[in-house]
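# Structural overview
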Amino acid sequence: MSLSRVPIELLQEILIYVLEDTRSPTAVLRVNKLFLELGQPLLHARLRFRSINQLILFSQGREPLACAPKSLSITLAGGSADFEVFKHLAAALERCRRSTRAADKKRIRSREGDVADDGHAADGVAQVPLELLSLRLHSHTNNPHLGYIYKALLLTNPKSFVWMGPDPEHHFSTAIVPSATYHLIRALSTWTAIEHITLTNLSFPSDELGVNTSFSRDAPLLPPLPSLRTLYVGQATLLPPSAVAAMLALPEYAALAHVRLVDTYRHSIWGPRIRRRDIEDAASALKGLSEQARDALLERVRRVVSCEKKTERIMGGDNGDEQGLLD
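Residues numbered from 1 in each chain as written. Predicted model: local features only at pLDDT ≥ 70, side-chain atom pairs only at ≥ 80, totals over all residues. Heavy atoms only, no water.

Helices and strands together make up the secondary structure of the protein, namely 11 helices and nine strands. Put simply, the protein has 327 residues, and 46% of those count as buried. Nonlocal contacts in the protein, meaning residues at least 24 apart in sequence, comprise 77% of its contacts between residues at least 6 apart. Carbon and sulfur atoms make up 53% of the accessible area of the protein, which amounts to about 16,500 Å² in all. (Helix = DSSP H or I, 4+ residues; strand = E, 2+ residues; numbered from the N terminus. Buried < 20%, exposed > 50% of the residue type's maximum accessible area, 1.4 Å probe, protein only. Contact = heavy atoms within 4.5 Å. Areas by Shrake-Rupley, 256 points an atom, 1.4 Å probe, with all protein chains shown as cover.)

Right under this line is the structure:
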């Protein structure tokens, strides 16, 4: 059957599948004019980068995007990690922001009765709204460009954020090093739309020994995020149970319905996994709470927090536990 006879809706579905699976989207768009007209908005709505070179080429583009991006994902195998990946991500998001600003100005100019205030609002596009920002890549302790994590993530305001390691689940590795986690947490404080956060293969810049960080003891795990509804933390080390308890004690986390801690450790992976009773004990010991507030916090911990064992280690720690919930 000729492509000219294929219904547009069906052709769009085919292009979505092809563009998500191919490593050369431009080759698909060059098939003919119809593929370009239909495929470019699909490609720009779901930005996917599987190499540093793809990310650089996109960030260097000057043409406006065919539509505002709904999601952006970067997937880099461990061997192809680049010290300047977040510098390139910042440039890519800057291109998205320029395009969004230009689209807003065009939309405003097309309105009847255009007013000066609207033009000023269009100039003020500060962050790129995204349904999803997803990263599967490593950071490195000796990377001199880790500050770009904050600079890049400051340019967006996602509803869902995922940062996972690129290695298989059974391979316990630290993709987000403590210094990278520090810059990430700083950026999170600027996100007003965030509803879901997934972080795996990370080490927190805080622990109960007070090393690796200037964070104070019993500080909340994350800054106040009133819109946050779910938090998933997996394969994490140096995670103080007190930080989770202190976070849940904040009134800004009233909307948080589920905190899922999977294979998380207070210190190293050679010790026991964090259990829910560790969070309960930390909540009981939290300072500055009235007896009524402490009882309410304990009830909230039991209702919201789940701790799980998922990945078996070869030896050490609590290998005797069954997989599943750790109460």
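From this point, the narrative continues.
Relative to each other, helix H9 (residues 241–248) and helix H10 (residues 276–285) sit at 65 degrees, their axes nearing to 8 Å. In this structure, H9 meets H10 at a crossing whose hand is right-handed. Where H9 approaches H10, its residues Pro-241, Ser-242, Val-244 and Ala-245 are matched on the opposing element by Asp-278, Ile-279, Ala-282 and Ala-283. (Axes fitted to C-alpha atoms, helices over the stretch in contact; angles between N-to-C directions. Left-handed = near helix turned anticlockwise from the far one by under 90°.)

For an α-helix the count is 3.6 residues per turn, leaving residues at separations of three or four pointing the same way. Counting buried positions over the eight residues of H9 gives eight, a clear majority of the element. Along its buried surface, H9 packs onto strand E6 (230–237), strand E7 (258–264), H10, helix H11 (291–304) and strand E8 (305–309).

Of note, Ser-203 is situated in strand E5 (residues 196–203). Separated by 21 residues in sequence, Ser-203 and Tyr-182 place their C-alpha atoms 9.8 Å apart. Once residues within four sequence positions are removed from consideration, Ser-203 is found in contact with Thr-174, Ile-176, Val-177, Pro-178, Thr-181, Thr-237 and Leu-238. Polar side-chain contacts of Ser-203 include one of 3.1 Å to the side chain of Thr-237. (Polar contact = N/O pair within 3.5 Å; in protein donor to acceptor, adjacent residues only side chain to side chain.)

Let's shift gears to the packing of aromatic side chains. This model, assessed by the stated rule, comprises four aromatic pairs. With centroids separated by 5.4 Å and ring planes inclined at 50 degrees, the aromatic side chains of Phe-86 and Trp-163 adopt a geometry described as tilted. Residue Phe-86 is located in helix H5 (residues 85–110), and its partner Trp-163 is located in strand E4 (residues 156–164); the two are separated by 77 residues in the primary sequence. Here Phe-86 matches Trp-163 in class, with each residue buried. Looking at Arg-95, its charged tip hangs above the ring of Phe-58, at a distance of 4.5 Å from the centre. (Phe/Tyr/Trp six-rings, centres within 6.5 Å; stacked < 30°, edge-to-face > 60°. Lys NZ or Arg CZ within 6 Å of the ring centre and 35° of its normal.)

Before going further, it helps to examine the pattern of salt bridges. One pass over the structure, following the stated rule, counts eight salt bridges. With its nearest N and O atoms 3.7 Å apart, the salt bridge here joins Lys-159 to Glu-131. With Lys-159 in strand E4 and Glu-131 in strand E3 (residues 128–136), this residue pair connects regions lying 28 residues apart in the sequence. Arg-266 is paired through a salt bridge with Asp-278; the nearest N and O atoms lie 3.6 Å apart. Taken together, the residues span a long stretch of sequence, with Arg-266 in the loop between E7 and H10 and Asp-278 in helix H10 at a distance of 12 residues. (Salt bridge = Lys/Arg side-chain N within 4 Å of Asp/Glu carboxyl O.)

On to the pairing of E8, then. Within E8, five of the five residues are buried, leaving the element largely enclosed by the surrounding structure. Neither face of E8 is open: one carries Val-305, Cys-307 and Lys-309, the other Ser-306 and Glu-308, and all of them are buried. In this sheet, E8 lies alongside E7 in parallel orientation, the contact comprising four bridges. From the neighbouring strand, Leu-261 faces E8, where its bridge partner is Cys-307. With two bridges joining them, E8 and strand E9 (residues 324–325) adopt antiparallel strand pairing. Residue pairing across strands places Lys-309 opposite Gly-324, the latter belonging to E9. (Pairing = 2+ DSSP bridges.)

Judged by nonpolar contacts, the single largest core of 72 residues is most densely connected at Phe-161, Trp-163, Leu-222, Leu-231 and Val-259. If one sorts the elements of this core by residue count, H5 sits on top with seven residues. Every residue in contact with Trp-163, bar those within four places of it in the chain, is listed here: Phe-86, Leu-135, Leu-137, Ser-139, Ile-149, Ile-176, Ala-180, Leu-184, Thr-198, Leu-199 and Thr-200. (Core = buried A, V, L, I, M, F, W, Y, C linked by side-chain atoms within 4.5 Å.)

On the basis of which strands lie adjacent, the open sheet formed by nine strands has the order E1-E2-E3-E4-E5-E6-E7-E8-E9 and mixed pairing. Edge positions in the sheet fall to strand E1 (46–49) and E9, since each of these pairs with one other strand and no more. Packed on one face of the sheet, helix H4 (residues 52–59) meets E1 and strand E2 (71–75) and runs near 130 degrees to E1.

The axes of two packed helices give the description: the angle between them and the distance between them. Two numbers describe how H10 lies on H11: the axes approach to 9 Å, and their chain directions differ by 165 degrees. On the basis of the axis angle, H10 is roughly antiparallel to H11. You can see that H10 and H11 cross each other, and the crossing is right-handed. Facing H10, whose interface residues are Arg-276, Ile-279, Glu-280, Ala-283, Ser-284 and Ala-285, H11 presents Arg-294, Leu-297, Leu-298, Val-301 and Arg-302. Tallied by class, residues from the contact of H10 with H11 come to six nonpolar, one polar and four charged. (Parallel < 35°, antiparallel > 145°, perpendicular 65-115°, else oblique. Nonpolar A, V, L, I, M, F, W, Y, C, P; charged D, E, K, R; others polar.)

A few words on unusual backbone geometry. Phi angles above zero are rare outside glycine, and Gln-235 is one such case at about 50 degrees. Classification of Gln-235 by relative accessible area gives buried; the value is 8%.

Further remarks concern the side chain of Thr-181. Its location among the elements puts Thr-181 in helix H8 (residues 178–188). Those residues within four positions of Thr-181 in sequence are excluded, and the remaining contacts are Ile-176, Leu-202, Ser-203, Phe-204 and Pro-205.

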